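# Structural features, examined
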Amino acid sequence: IERGTTLTRDEIDAIVANPERALANIVASKLVVLDAAGNPAGAYPFTSQDREHRVHIGAVTAHCMCALDALAVSPMFDQPVVIDSRCLVSGDRIHLEQNNTAFSGGTLGAWFGIDWGAASDDSVCAESLCLEMMFLADADVAAQWLAVAPGRREIFDLQSAADFAAAFFLPLAESCRTAA
């Protein structure tokens with residue numbers, strides 16, 4: 001969180017006795033994503049890929065794998081953040097000021113959508129389901145998006161999505177703090 005990127009392969013090599021085994025273990029947990037060359041490309045909720053979900057934590061800007069991940073950063077690290085993204089349907093700008101699960105400004109009428117049909121056992125979530133977790137400009141856009149495939153899509157108002165993100169990611173953050 002201090003610099004907005006994952007550790008590089010060289011940094012991992014410098015702090016872990018067996019970096020190959022360490023990377024294999026965390027990749028198997030599907031919490032870290034490697035690029036084609038085997039270098040860390042992301043560690044939930046962050047990615048080094050240029051995705052539309054940018055989170056500003058103080059002076060640091062980080063990219064998140066999906067909209068849900070972006071909503072999880074503030075509660076995970078107990079830091080106020082600013083999220084800049086876009087509606088995947090309309091292209092409208094989404095700007096949110098968040099502290100834990102509360103919002104103090106921005107595009108407060110935005111919604112969150114997820115297309116559960118994008119989940120795949122053959123790939124990591126960052127390359128499948130994350131690409132279908134999105135911000136939606138407003139309630140009307142969310143309803144229209146949901147109507148296309150109501151059996152596999154789900155929408156949440158912004159507050160419900162933030163609560164969902166915190167409930168999903170806080171146990172992960174706590175287990176990481178305990179292990180450290």
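Above this text you will find the structure in question.
All of the points below concern the structure found in this document. (Residues numbered from 1 in each chain as written. Predicted model: local features only at pLDDT ≥ 70, side-chain atom pairs only at ≥ 80, totals over all residues. Heavy atoms only, no water.)

### Comments concerning the overall build of the protein chain
- Within the protein chain, the regular secondary structure consists of five helices and 11 strands.
- For the protein chain, the proportion of its 180 residues judged to be buried stands at 42%.
- With an accessible surface of roughly 9,100 Å², the protein chain has 54% of that area assigned to carbon and sulfur atoms. (Helix = DSSP H or I, 4+ residues; strand = E, 2+ residues; numbered from the N terminus. Buried < 20%, exposed > 50% of the residue type's maximum accessible area, 1.4 Å probe, protein only. Areas by Shrake-Rupley, 256 points an atom, 1.4 Å probe, with all protein chains shown as cover.)

### A closer look at the sheet that holds strand β11 (residues 153–157)
- Sheet architecture is open: three strands sit in the order β10-β9-β11, paired in antiparallel fashion. Every interior strand has two partners, whereas the edge strands, β10 (133–136) and β11, have only one. Put simply, the sheet's adjacent strands are angled 25° from each other on average, direction ignored.
- Across five bridges, the pairing between strand β9 (residues 111–115) and β11 is antiparallel. Within β11, the position partnered with Trp111 by the bridge is Asp157.
- Packed on one face of the sheet, helix α3 (residues 67–77) meets β9 and β10 and runs near 80° to β10. (Pairing = 2+ DSSP bridges. Axes fitted to C-alpha atoms, helices over the stretch in contact; angles between N-to-C directions. Contact = heavy atoms within 4.5 Å.)

### A closer look at the nonpolar core
- If you look at the biggest cluster of nonpolar residues, it comprises 31 residues, and the most contacted ones within it are Val55, Leu71, Ile83, Leu96, Phe112 and Phe135.
- Mapped by element, the contributors of at least two residues to this core are β4 (53–57), β5 (60–64), α3, β6 (80–86), β7 (93–99), β9, β10 and α5 (158–179).
- Here this core takes seven residues from α3, the largest share from any one element.
- Excluding residues within four positions of it along the chain, Leu71 makes contact with Ile83, Leu96, Gln98, Phe103, Phe135, Leu158, Ala161, Ala162 and Ala165.
- With seven residues, the next largest nonpolar core counts Cys87, Leu136, Val141 and Ala142 among its residues. (Core = buried A, V, L, I, M, F, W, Y, C linked by side-chain atoms within 4.5 Å.)

### Regarding helix α4 (residues 139–148)
- All buried positions along α4 are accounted for by Val141, Ala142 and Trp145. Taken down its axis, α4 places every buried residue within 100° of arc, on the same side. Turned more than 90 degrees from where α4 packs its buried face, Asp140, Gln144 and Ala147 sit exposed.
- Two or three places before Asp140, at the opening of α4, Asp138 has a side-chain oxygen 3.1 Å from that residue's backbone nitrogen. (Arc of directions from axis to C-beta. Polar contact = N/O pair within 3.5 Å; in protein donor to acceptor, adjacent residues only side chain to side chain.)

### Examining the packing of aromatic side chains
- Taken as a whole and assessed by the stated rule, the structure comprises two aromatic pairs.
- Seen in terms of ring centroids, Phe112 and Phe156 are 5.9 Å apart; in terms of plane orientation they differ by 45°. Their pairing is tilted. Residue Phe112 is found in strand β9, and its partner Phe156 is found in strand β11; the two are separated by 44 residues along the sequence.
- You can call Phe156 buried: its relative accessible area is 15%.
- Seen in terms of ring centroids, Phe156 and Phe164 are 5.5 Å apart; in terms of plane orientation they differ by 10°. Their pairing is stacked.
- Residue class for Phe164 comes out partly exposed when judged on its relative accessible area of 28%. (Phe/Tyr/Trp six-rings, centres within 6.5 Å; stacked < 30°, edge-to-face > 60°.)

### Section: the environment of Ala62
- Here Ala62 shows up in strand β5.
- Through-space distance from the C-alpha of Ala62 to that of Pro45 is 9.6 Å; in sequence the pair is 17 residues apart.

### So, the side chain of His53
- Mapped onto the secondary structure, His53 falls in strand β4.
- When its relative accessible area of 1% is taken as the criterion, His53 is described as buried.
- A distance of 3.2 Å separates a polar atom in the side chain of His53 from a polar atom in the side chain of Glu52.
- For His53, the side chain forms a polar contact with the side chain of Ser85, separated by 2.7 Å.
- Ignoring anything within four residues of it in the chain, the contact list for His53 reads Ala62, His63, Cys64, Met65, Cys66, Ala67, Ala70, Asp84, Ser85, Met133 and Phe135.

### With respect to the environment of Val73
- As for its placement among the helices and strands, Val73 is situated in helix α3.
- Under the relative-accessibility criterion, Val73 is labelled buried at 1%.
- Remark: the alpha-carbon pair of Val73 and Ala166, spanning 93 residues in sequence, is separated by 8.4 Å.
- In contact with Val73, other than residues within four places in its own chain, are Pro45, Phe46, Val55, Ile57, Cys64, Asp78 and Val81.

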